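Fold and contact review
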Amino acid sequence: MKVTETIKATNTVNVNIQKPAVTPANLFKPKCILAALAVTMLAACGQAPESQNETSTSPVESQHTAKTNPDKTVPVSEQLDNYLTRDIKDEVFYFVMPDRFHNGKPENDMGDPDIPISYGGLDKTSKWAFHGGDMVGLEAKLDYLQNLGITSIWMTPILRNKAIQKDGFGHHGYWVVDFTEIDPHFGSNEELKSLIDAAHERNIKVFFDIITNHTADVIKFRECHNDDGSFKEEGQTKCAFITEAEMAAGKTYTPFVPENEQGVKVPDWLNDPKYYNNQGDNLWQGESVITGDFAGLDDIDTSMPEVQQNMISIFKDLISEFKPDGFRIDTVKHVDIEFWQVFAPAITEHAQDIGIPNFHLFGEVYDGNPAGLSKYTTEGQLPSVLDFGFFFNVKDALLEGKDINRIAHLFDNDDYYRDADSGPDLLLNFLGNHDAGRVGHFLQASLADASPEEHLQRSKLAHALMFFSRGVPVVYYGDEQGFTGDGGDVDARENMDPSLVDVYNDNILIGTDKTTADDNFDPNHPLYLTINDLAQTRIEHLPLRRGIHQMKLVDNNKGLLAFSRIDIDTRDEYLVLMNSSNETQTLELPVDANQYEIIYALKQPAEIKVNEGFLSTKLAPLSLVVLDAKSAVGHAALTEISIGDMYEENDRVFIPAEVSFENNLATNLINVEFYAVDSMGNEVLLASDNTHPYRAVVMPSVLDATATIKVRASNYADQTIETSLEID
């Protein structure tokens, strides 16, 4: 792509202000994100107005809105808007594996003997097998979840599975054979409806975990398997992947279904091998990522229009029957991206048509790179994904003691997610899960010499960061009880009920003398209490869940991090200050307000002082403090806007914009919109950005028919300026 040298400037100012000369004194001062050179931040970001003398008791300015003060004896979910209409950013998720949670109906522990493929597999002493948890058990523990501060329950898949395969047991729910009913190990359709109704009565949402990429392993290949489905070669575990080029040259597999498993899938069209890719096992690279069998599971050909419509029908029917509040979608990156472009709008529209206006979809893309994750929220049209970038970076920085700068880089890359209908505030943040492992395991494995008290404090710190930064927090079941595990997968799937699994029961838990051999529904566990306090604080202060996230400081040497959450309507600002080190640290940064109130602290800091536009305090080791600015953010006075040199990186085009200001604020609250304009003058919004550096990050194909880039900046009040750039 070539950018012309001439810039078509419009620079329209919509208010009557005197445009000052552009001098170094009033050029935009960036909100510096520095690694080892944090001391230079104060000079680079300039001084606040001289009128801000040292104070800690100045009156609250009139434009600052009063905070709500909810009764903390009332559960968080009951303080929120109705579950049907509330914003997804208000949620606190609890990710639970029903089989390992609570057994409320022992008579269904083996499944249904009348459906052989979905029967058996119970062994409470094996970490691989079924353990008996079910829908009745989940419903019985709703008070426990509600009092924790949970507002949304996300369950691993619960549809009817193939109970036993060559490589294990379907306790996790990802080996579906029937997409129309619940697995009998977990209960009945009516018991699932009862759970959802009971949750909704408590104003708690329920999310299903769904799979569109594959079914259970039923289809076999003549070239690879015997008639009974076993492998032809002794010791063989996979069927070699056949590429498209090899298929074009005549090399293919001959699919068949063993006699004892013919016709087991529901709906019936899933029994026909023609709807599958039939190319052998996934190599985790190249074209096999899309068309290979995921760990031997039957890979559905989601590129077929007929398959797309059939899958849409399956999940429309589930929504109509059970009325869940949304879907978490498994193995998103292993499905053709064109599938999501059709599936997501159709599912959302159907839910809205039947009275679920805020039905929400979020995908699992196992990738820590924002360029990989954001592909599915932009080009793929999914509203959100699980933020594996947050997971990996917070794990490294807070749970393994590595540099804190990686968290600043994480938030700096949020521009990848900004487009016309989604953004980083919709991402789901998590600290561990059923595949990767737990907070406790990461702490014990990487910081083995640290004390139990430090492990507990670091877990609290990581949870606090997850609750107060942009995005939606997800608590993994058992983390509130200090579960640790021995690794990922089945080693991170302990029982909440008293366990009979030896490799679980020898674990040392965090914050308690209990083991997993005990009942672990303890409402007095220190992590349970901390999470409840975090959830209560988050619900009491709207900007902490819906405010924009602006980085303020990172000091890699001291382990310090600071950011703001700002409500763009009220202009209320909250400062989140974190010390990730094991030493008390002095923090200083430029601010606009004269007075701040501590509304949350993991450990109480020293006195908060504001002097000549700088806030200073001493933060205790491994602590986090949230401050409420007692005056609203001022209005930025815009003077100049320009478009920088466009460039390509990570299969994206970056369109940078520079904005200059007349006044000298520590926080410049503005919104910058980027538009693609075609030769006929039609405008399409590409992205909106309210954090420096201001830029749009788009797929190259988005600009194919673009003649001009228009950029418009607004100060969320009464001033707008814009400029344009012709491209060819």
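That block above? That's the structure.
One structure accompanies this document, and this report is about it. Source: prediction; values computed, not measured.

What to know about the sheet that holds strand 21 (residues 585-590)
An order of 21-24-23 is seen for the 3 strands of this open sheet, with the pairing classed as antiparallel. Either end of the sheet is taken by a strand with one partner, and the two such strands are strand 21 and strand 23 (609-611). Geometrically, the sheet is characterised by an average inter-axis angle of 25 degrees between neighbouring strands, direction not taken into account. Of the pairings in the sheet, the one linking strand 21 to strand 24 (residues 614-619) comprises 6 bridges and is antiparallel in character. Looking at strand 24, one finds that glutamate 588 is bridged to serine 616.

Description of the nonpolar core
Counting residues in each nonpolar core, the largest one holds 156 residues, and the members touching the most others are Tyr94 and Met155. Contact partners of methionine 155, with chain neighbours within four places excluded, come to Val96, Pro98, Met135, Leu138, Leu192, Leu195, Val206, Phe207, Phe208 and Asp209. Listed in part, the 26 residues of the second largest apolar core include Ile655, Val659, Phe674 and Leu725.

Some details on the state of the cysteines
The term disulfide refers to a covalent linkage connecting the sulfur atoms of a pair of cysteines. Tallied over the full model, the rule gives 1 disulfide. The disulfide partner of cysteine 224 is cysteine 239, and the S-S distance across this bridge is 2.1 Å. Across the disulfide from cysteine 224 to cysteine 239, rotation about the S-S bond amounts to roughly -105 degrees, and the bridge is consequently left-handed. Of this pair, cysteine 224 sits in the loop between strand 10 (220-221) and helix 6 (244-248) while cysteine 239 sits in the loop between strand 10 and helix 6, placing them 15 residues apart in sequence. Its relative accessible area of 3% is what places cysteine 224 among the buried residues. The exposure class of cysteine 239 is buried, given its relative accessible area of 3%.

Describing the side chain of histidine 172
Counting through the fold element by element, histidine 172 comes out in the loop between strand 6 (168-169) and strand 7 (176-182). On the basis of relative accessible area, histidine 172 is assigned to the buried category, the value being 9%. A polar contact is formed between the side chain of histidine 172 and the backbone oxygen of phenylalanine 169, at a distance of 3.4 Å.

Looking at unusual backbone geometry
Across the junction of valine 266 and proline 267, the peptide omega takes the value 0 degrees, indicating a cis bond. Position of proline 267 among the secondary structure elements: in the loop between strand 11 (255-256) and helix 7 (288-291). Residues histidine 692 and proline 693 are joined by a peptide bond in cis, for which omega reads 0 degrees. Position of proline 693 relative to the elements: it lies in the loop between strand 30 (683-689) and strand 31 (694-698). We note that lysine 323 has phi near 55 degrees; this positive angle belongs to a residue other than glycine. Here lysine 323 shows up in the loop between helix 8 (305-322) and strand 13 (326-329). With relative accessibility at 36%, the residue lysine 323 sits in the partly exposed group.

Some details on the pairing of strand 25 (residues 623-629)
Burial analysis of strand 25 places 7 of its 7 residues in the buried class, the great majority of the element. Side chains Ser623, Val625, Leu627 and Ala629 project from strand 25 onto one buried face, and the interleaved Leu624, Val626 and Asp628 project onto a second face that is buried too. The pairing of strand 20 (residues 573-579) with strand 25 spans 6 bridges and is classified as antiparallel. Across the sheet, tyrosine 574 pairs through a bridge with aspartate 628, a residue of strand 25.

A few points about the packing of helix 14 (residues 452-468) against helix 16 (residues 526-540)
Viewed as axis vectors pointing N to C, helix 14 and helix 16 meet at an angle of 20 degrees, and their least axial separation amounts to 10 Å. Considered as vectors, helix 14 and helix 16 are oriented roughly parallel to each other. When you trace helix 14 past helix 16, the crossing you get is right-handed. Along its contact with helix 14, which presents Leu456, Ser459, Lys460, His463, Ala464, Phe467 and Phe468, the element helix 16 presents Pro526, Leu527, Thr530, Ile531, Leu534, Ala535, Thr537 and Arg538. Residues that form the contact of helix 14 with helix 16 fall into these classes: 9 nonpolar, 4 polar and 2 charged.

Re helix 13 (residues 439-446)
An α-helical segment advances 3.6 residues per turn. Residues three or four places apart therefore align on the same side. Turning to helix 13, its buried residues number three or more, namely Val439, Gly440, His441, Phe442 and Leu443. In the core, the buried residues of helix 13 are packed alongside helix 11 (388-399) and helix 14.

Focus on the packing of aromatic side chains
In this structure the tally under the stated criterion is 36 aromatic pairs. Here phenylalanine 101 and phenylalanine 521 contribute two aromatic rings whose centre-to-centre distance is 5.2 Å and whose plane-to-plane angle is 85 degrees, an arrangement assigned as edge-to-face. Highlighted residues: phenylalanine 101 in the loop between strand 2 (93-96) and helix 3 (135-140) and phenylalanine 521 in the loop between helix 15 (502-505) and helix 16, separated in sequence by 420 residues. For the pair shown, phenylalanine 101 and phenylalanine 521 are each scored as buried. A centroid spacing of 4.9 Å and a plane angle of 80 degrees characterise the contact between phenylalanine 388 and phenylalanine 430, whose relative ring orientation is edge-to-face. Taken together, the residues phenylalanine 388 in helix 11 and phenylalanine 430 in strand 16 (residues 428-430) connect sequence positions 42 residues apart. No difference in accessibility class separates phenylalanine 388 from phenylalanine 430, as the two residues are buried. An aromatic cluster is built from Phe179, Phe208, Phe315, Phe322, Phe327, Phe339, Trp340, Phe343 and Phe359, whose rings are joined through pairwise contacts.

A word on the environment of glycine 401
With respect to the helices, strands and loops of the structure, glycine 401 is situated in the loop between helix 11 and helix 12 (405-412). A relative accessible area of 46% places glycine 401 in the partly exposed class. Along the backbone, glycine 401 and leucine 622 are 221 residues apart, and their C-alpha atoms lie at a distance of 11 Å.

A short note on the pattern of salt bridges
A complete count under the given rule lists 44 salt bridges for this structure. One salt bridge connects glutamate 190 with lysine 193, and the closest N-O pair in it is separated by 3.5 Å. Of this pair, glutamate 190 and lysine 193 are both found in helix 5 (residues 189-201), 3 residues apart, which corresponds to roughly one turn of the helix. Take lysine 193: its relative accessible area is 23%, and that puts it in the partly exposed class. With a shortest N-O distance of 4.0 Å, aspartate 396 and lysine 402 are connected by a salt bridge.

What counts, and where the lines are drawn
- Residues numbered from 1 in each chain as written.
- Predicted model: local features only at pLDDT ≥ 70, side-chain atom pairs only at ≥ 80, totals over all residues.
- Heavy atoms only, no water.
- Pairing = 2+ DSSP bridges.
- Helix = DSSP H or I, 4+ residues; strand = E, 2+ residues; numbered from the N terminus.
- Axes fitted to C-alpha atoms, helices over the stretch in contact; angles between N-to-C directions.
- Core = buried A, V, L, I, M, F, W, Y, C linked by side-chain atoms within 4.5 Å.
- Buried < 20%, exposed > 50% of the residue type's maximum accessible area, 1.4 Å probe, protein only.
- Contact = heavy atoms within 4.5 Å.
- Disulfide = S-S within 2.5 Å.
- Polar contact = N/O pair within 3.5 Å; in protein donor to acceptor, adjacent residues only side chain to side chain.
- Parallel < 35°, antiparallel > 145°, perpendicular 65-115°, else oblique.
- Left-handed = near helix turned anticlockwise from the far one by under 90°.
- Nonpolar A, V, L, I, M, F, W, Y, C, P; charged D, E, K, R; others polar.
- Phe/Tyr/Trp six-rings, centres within 6.5 Å; stacked < 30°, edge-to-face > 60°.
- Salt bridge = Lys/Arg side-chain N within 4 Å of Asp/Glu carboxyl O.

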